[in-house]
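Working through the structure, step by step
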Amino acid sequence: MTPPKSSLAAVESSADLSDQGTMSAVPRTQHDRMANAIRALAMDAVEQAKCGHPGLPMGAADIATVLFTQFLTFDPAHPAWPDRDRFVLSAGHGSMLVYALLYLLGYEAMTIDEIKRFRQLGSLTPGHPENFITPGVETTTGPLGQGLANAVGMAIAEAHLGATFGKEVVNHRTYVLVSDGDLMEGISQEAIALAGHLKLNKLIALFDDNGISIDGPLSLADSVDQVKRFESAGWNASRIDGHDPDAIAAALEAAQTSDRPVMIACRTTIGFGAPTKAGKASSHGSPLGADEIAGARKALGWSEAPFDIPADIRELWRTAGKRGQATHAAWSQRVQALAADKRADFESRIAGKLPQQLATAVLAVKKQLAAAPKEIATRVASEQVLEAITSAVPAMVGGSADLTGSNNTRTKAMKTLSASDYAGRFIHYGVREHGMAAAMNGMALHGGIIPYSGTFLVFSDYCRPAIRLAALMEQRVIHVMTHDSIGLGEDGPTHQPVEHLASLRAIPNLLVFRPCDTVETAECWQLALEAQDRPSVLALTRQNLPQLRLQFDENNRCAGGAYEIVPAEGRAQASLFASGSEVAIAVEARKLLSERGVLARVVSVPSFELLMESPERTRRAVIGNAPVNIAVEAGIRQGWDAIIGSDGAFVGMTSFGASAPFKDLYKHFGLTPQAVADAALSKL
């Protein structure tokens, strides 16, 4: 099957795929064979795995061929080159598209054997693209809509770093291939609205508009005009024939000079070339079958055996893969020509290194607090810490989901990052928690930025899919989540998190911090920044808390996850464990127990994860051997048994909250020093 003929004149000139960075078209017959190489590899790999999604790679092969051979700037020999163009396959189920491209373009790690091992344990070709496994894959996609929002974050990072360091070292584009499913997910609206508002004109979305979803024709569930939708969000948008290489090239060429982000709706046929399944849902998520593949080979004029690529086609692709070498070399020369301090700063930021000034700044904050203790909410403490550390760590770019004054995430010196000033370091994300979290993932993946932002802890539910992916991808993304319990008071149970701490602690590789005072807040911020390969959540209070750490200690006591904040005056009969705002309650309960002749110690637990990762001897010493263990937290019990044991007592929440002043709520729900003391006494 030959793709529809172009409405433009066929290009007759021979290919120019030299390494000089030129972007020339190839003859139509040559283009078809190069695109069919993608289709063949996708069919064969999915068939061999007996599972997968052949339809998208077959349908989008023409788009990918034009993009990667004529427009995308990259260097397979250096997949992590900082100034490469980014390509995000948001429709991650079509992963064989990117794997085929990586093999054909000459990425060393992507061998034909890896293609044959598609979806097998330990391969570089997992079912959905995973950036931490496969060189050349920019982000982990599969949950639809996430890749699009990641791409928005990457484009923000490019704009910010370009404004900070200059276009001579940061000047590239972000391309994202999206599907109908990506655009049906709600996160897509948050992402495209933010991108349009910021006028991210180096962001180009290619919509694989095939009109098919898993259930059948898209018309079963959706009738949105995506071109109008994107235009209404501030994008330039157009429709083209996604099987016409000239139309694809013309649209991409026009996109290079756009004054706003671009969406190109490419009308394609899913499973292109399959004789009976093309254009049908049956080609979406299942192997085509031997007979259908044989028919597709005949229709496409592809006579090679499975996984065989003709030498001339492979060479054309490999030559295309070398096209960015000269551009890369010229970029390296420009970086070397930078002033030594600017070059060092740029290279350090791209590498994700923290300046030594961070530790100095945190120590200075702790010294100030020892000299002048403060009884303030930990959200306010966080703001004061940020005043010190954001000047020490210029890579930090903050934001908030329309809760800046409540989350306290903007410092006095921070300018707004906007369409008129990308050098700003604070982003007003609007009420777009999910898009915000996923965009921050993209910023972290891009490199050169440490993103953090704020919302209420209860709205971590909106952020959760992106937080989970950040943990999976091992990305340093920091979420400031305030109003962390019934302590927020009058806003009531809709806004009072109860199960959220346990829910977040259940995510592997996520650090959840709940500091008890100003000093712990500073230490937790330091730990979150130092955790280069994992995201963090800082759960912070609305209500004021007493400063419990009154003596200066140069050590970061939160680093172990838990520590004895108040010892017993002898051999402890009870250990009182708490986090955040309840540590002060535990301290008061200790006094009540002392009055009853019971010796108790108080252990602050700012991070379950760091405690559980501590050496067993250290962990046992912190937990201690008192005959009675009590935990108190304004959340549910889940997770605490790992510390207090199943026979330990828990003082916390077993229901949703209520609307009232926070002191009344703590009494109503039994979160009081007397309740903690009574729980201990009942066990003795």
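Before any of the text, the structure's been laid out above.
Our subject in this report is the structure included herewith.

This next bit is on the overall build of the chain. In terms of helices and strands, the chain carries 26 helices and 18 strands. Whereas a compact globule of 684 residues would reach a radius of gyration of roughly 26 Å, the chain reaches 28 Å, a difference of no more than 12%. Once the C-alpha set of the chain is aligned to its principal axes, its extents read approximately 95 × 55 × 45 Å. Expressed as a percentage of the 684 residues in the chain, the buried residues total 61%. Taking the intrachain contacts of the chain between residues at least 6 apart in sequence as the baseline, contacts between residues at least 24 apart amount to 78%. Approximately 25,000 Å² of the chain is accessible, and the part contributed by carbon and sulfur atoms is 51%. The averaged location of the 73 negative side-chain charges in the chain is 3 Å from the averaged location of its 62 positive side-chain charges.

Across the interface, helix α17 (residues 433-446) lies against helix α18 (residues 460-473) with an axial gap of 6 Å and an inter-helix angle of 20 degrees. Here α18 runs roughly parallel to α17, going by the angle between their axes. When the axes of α17 and α18 are compared, the crossing they make is right-handed. Contact residues: α17 offers Glu 433, His 434, Ala 437, Ala 438, Asn 441 and Leu 445, while α18 offers Tyr 462, Cys 463, Pro 465, Ala 466, Leu 469, Ala 470 and Met 473.

We now examine the pairing of strand β17 (residues 628-632). Taken residue by residue, a regular strand's side chains alternate between the two faces of the sheet. Taking burial as the measure, the five residues of β17 include five buried ones, the bulk of the element. Inspection of the sheet shows β17 paired to strand β18 (residues 649-651) by three bridges, in the parallel sense. Bridge pairing in β18 links Val 632 to Val 651.

The next thing to look at is the packing of aromatic side chains. Under the defined criterion, the tally for this structure stands at 13 aromatic pairs. Judged by centre distance (5.8 Å) and plane angle (65 degrees), the ring pair of Phe 68 and Phe 74 falls under edge-to-face. Given a relative accessible area of 4%, Phe 74 falls into the buried group. Between the aromatic rings of Trp 81 and Trp 331, the centroid separation amounts to 6.2 Å while the plane-to-plane angle is 65 degrees, which identifies the pairing as edge-to-face. Pair noted here: Trp 81 is in the loop between α2 (55-71) and β1 (86-89) and Trp 331 is in helix α12 (residues 325-336), with a separation of 250 residues, a long-range link.

Turning next to the nonpolar core. Counting residues in hydrophobic clusters, the biggest one holds 71 residues, and the most contacted among them are Ile 156, Leu 200, Leu 203, Trp 235 and Met 263. Not counting residues up to four positions away in its chain, the partners in contact with Leu 203 are Ala 151, Val 152, Ala 155, Thr 174, Val 176, Ala 195, Trp 235, Pro 261 and Val 262. By size, the runner-up hydrophobic cluster in this structure holds 65 residues, among which are Val 385, Leu 527, Val 566 and Val 587.

What follows concerns the pattern of salt bridges. Here the structure, examined in full by the defined rule, presents 26 salt bridges. Two residues, Arg 260 and Asp 259, come together in a salt bridge whose shortest N-O distance is 3.4 Å. Each of the salt bridges in this network shares a partner with another, and the network as a whole consists of Asp 484, Arg 505, Arg 514, Glu 582 and Glu 633.

Looking now at the state of the cysteines. Summed over the entire model, instances satisfying the criterion amount to zero disulfides. Cysteine Cys 524 remains unbridged, with the sulfur of Cys 558 as its closest cysteine sulfur at 4.1 Å. Owing to a relative accessible area of 0%, Cys 524 belongs among the buried residues under this scheme.

Taken as a whole, this structure holds five cavities of 30 Å³ or more when the rule is applied. Lining the largest cavity are Phe 68, Leu 72, Phe 74, Pro 79, Arg 84, Asp 85, Phe 87, Val 98, Leu 102, Tyr 107, Gly 136 and Glu 138. Residue composition of the lining of the largest cavity, by class: eight nonpolar, one polar and three charged. Roughly 60 Å³ of internal volume is contained in the second largest cavity. Around the second largest cavity, the lining residues are Phe 87, Val 88, Leu 89, Val 98, Pro 129, Val 137, Glu 138, Thr 139 and Thr 141. Here the lining of the second largest cavity takes three residues from β1, the largest share from any one element.

Another point: the sheet that holds β1. One open sheet holds the five strands; their spatial order is β1-β2-β3-β7-β6, and the pairing between them is parallel. Each edge of the open sheet is held by one strand with a lone partner, namely β1 and β6 (236-241). The average undirected angle you get between the axes of adjacent strands in this sheet is 20 degrees. Helix α5 (residues 146-165) contacts β1, β2 (174-178) and β3 (203-209) of the sheet and is inclined by roughly 170 degrees relative to β2.

Reading across the sheet, the six strands line up as β9-β8-β10-β11-β13-β12 and stay open at both edges, with parallel pairing between neighbours. The strands lining the two open edges of the sheet, one partner per strand, are β9 (426-428) and β12 (511-513). Adjacent strand axes in the sheet meet at a mean angle of 20 degrees, parallel and antiparallel pairs treated alike. Running over the sheet, α18 touches β10 (450-456) and β11 (478-482) and is turned about 165 degrees from β11. Against the sheet, helix α20 (residues 518-530) touches β8 (396-400), β10, β11, β12 and β13 (536-539), its axis set at about 150 degrees to β11.

Definitions and cut-offs
Residues numbered from 1 in each chain as written. Predicted model: local features only at pLDDT ≥ 70, side-chain atom pairs only at ≥ 80, totals over all residues. Heavy atoms only, no water. Helix = DSSP H or I, 4+ residues; strand = E, 2+ residues; numbered from the N terminus. Rg over C-alpha atoms; globule rule 2.2 N^0.38 Å. Buried < 20%, exposed > 50% of the residue type's maximum accessible area, 1.4 Å probe, protein only. Contact = heavy atoms within 4.5 Å. Areas by Shrake-Rupley, 256 points an atom, 1.4 Å probe, with all protein chains shown as cover. Lys, Arg positive; Asp, Glu negative; His and termini not counted. Charge placed at Lys NZ, Arg CZ, Asp CG, Glu CD. Axes fitted to C-alpha atoms, helices over the stretch in contact; angles between N-to-C directions. Parallel < 35°, antiparallel > 145°, perpendicular 65-115°, else oblique. Left-handed = near helix turned anticlockwise from the far one by under 90°. Pairing = 2+ DSSP bridges. Phe/Tyr/Trp six-rings, centres within 6.5 Å; stacked < 30°, edge-to-face > 60°. Core = buried A, V, L, I, M, F, W, Y, C linked by side-chain atoms within 4.5 Å. Salt bridge = Lys/Arg side-chain N within 4 Å of Asp/Glu carboxyl O. Disulfide = S-S within 2.5 Å. 1 Å grid on protein atoms, 1.4 Å probe; cavity = no way out; pocket = protein on both sides within 12 Å on 5 of 7 lines; lining within 4 Å. Points joined across faces, edges and corners; volume = space filled by probe spheres on them. Nonpolar A, V, L, I, M, F, W, Y, C, P; charged D, E, K, R; others polar.

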